[in-house]
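Spelled out from the first residue to the last, the chains are:
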Amino acid sequence: LEEVKMALRISNSAYDNEIKNLIDACKSDLETSGVAPSYFLEANYRALIKQAIITYCKAQFGFDNQDASRLNESYELLKQKLAIVYHEEIKEEEE
């Protein structure tokens, strides 16, 4: 929460519930899009997961967000990369 608030340039707790909801929504979106739940704990992927969550929150937060579409595109690319890596690992294990 604190890292997302810092990325959003928010220093008070007025929006904590909204930001927590965005973080939870992002995690759910990542999981339902094929990103392994274990990636949220693995050091190798933690930075990418964190960046995806921050990017998602920056895209969704606020009403007049001029960067929303660019940030959404960036989030979608991160999500795809994480999902592809997971599915490539599964293929390698099956072979």
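For the structure, see preceding data.
About the thresholds
Residues numbered from 1 in each chain as written. Predicted model: local features only at pLDDT ≥ 70, side-chain atom pairs only at ≥ 80, totals over all residues. Heavy atoms only, no water. 1 Å grid on protein atoms, 1.4 Å probe; cavity = no way out; pocket = protein on both sides within 12 Å on 5 of 7 lines; lining within 4 Å. Points joined across faces, edges and corners; volume = space filled by probe spheres on them. Helix = DSSP H or I, 4+ residues; strand = E, 2+ residues; numbered from the N terminus. Nonpolar A, V, L, I, M, F, W, Y, C, P; charged D, E, K, R; others polar. Salt bridge = Lys/Arg side-chain N within 4 Å of Asp/Glu carboxyl O. Buried < 20%, exposed > 50% of the residue type's maximum accessible area, 1.4 Å probe, protein only. Contact = heavy atoms within 4.5 Å. Core = buried A, V, L, I, M, F, W, Y, C linked by side-chain atoms within 4.5 Å. Axes fitted to C-alpha atoms, helices over the stretch in contact; angles between N-to-C directions. Parallel < 35°, antiparallel > 145°, perpendicular 65-115°, else oblique. Left-handed = near helix turned anticlockwise from the far one by under 90°.

**Description of the layout of surface pockets**
Approximately 230 Å³ is the volume found for the largest pocket. In this structure, the largest pocket is lined by Leu1, Glu3, Val4, Ile23, Lys27, Tyr39, Phe40, Arg46, Ile49, Lys50, Ile53 and Ile54. It is helix α3 (residues 43-60) that contributes the most residues to the lining of the largest pocket, five residues altogether. Tallied by class, the residues present in the lining of the largest pocket amount to eight nonpolar, no polar and four charged.

**Overview of the pattern of salt bridges**
For the structure on display, the rule yields six salt bridges. Two residues, Lys5 and Glu2, come together in a salt bridge whose shortest N-O distance is 3.9 Å. Of this pair, Lys5 and Glu2 both sit in helix α1 (residues 2-7), separated by three residues, roughly a single helical turn. Judged by relative accessible area, Lys5 falls into the buried class, the value being 4%.

**Describing the environment of Lys79**
Following the sequence through the fold, Lys79 ends up in helix α4 (residues 68-94). In sequence terms Lys79 and Ser33 are 46 residues apart; their C-alpha atoms lie 7.6 Å from each other. Setting aside its immediate chain neighbours within four residues, Lys79 contacts Asp29, Leu30, Ser33 and Val35.

**Side note on the nonpolar core**
In terms of nonpolar packing, the biggest core is built from 25 residues, with Val4, Ile19, Leu30, Val35, Tyr39, Ile49 and Ile53 touching the most fellow members. Sorting the residues of this core by element identifies α1, α2 (16-32), α3 and α4 as the ones contributing at least two each. The biggest single contributor to this core is α3, with seven residues. Once you skip the residues sitting within four places of it in the chain, Leu30 turns out to touch Val35, Phe40, Ile49, Ala52, Tyr75 and Lys79.

**A few points about the environment of Lys58**
Residue placement: Lys58 occurs in helix α3. Counting along the chain gives 17 residues from Lys58 to Tyr75, while the straight-line C-alpha distance between them is 9.7 Å. Not counting the four nearest positions on each side in its chain, Lys58 is found in contact with Ala7, Leu8, Asn65 and Leu71.

**Quick notes on the packing of α2 against α3**
As a packed pair, α2 and α3 sit with axes 9 Å apart at the nearest point and diverge in direction by 120 degrees. With respect to α3, the element α2 is oriented oblique. The element α2 and its partner α3 pack so that their crossing is right-handed. Counted together, Leu22, Ile23, Ala25, Cys26, Lys27 and Leu30 of α2 and Ile49, Ala52, Ile53, Tyr56, Cys57 and Gln60 of α3 form the full contact between these two elements. Split into classes, the residues belonging to the contact of α2 with α3 amount to ten nonpolar, one polar and one charged.

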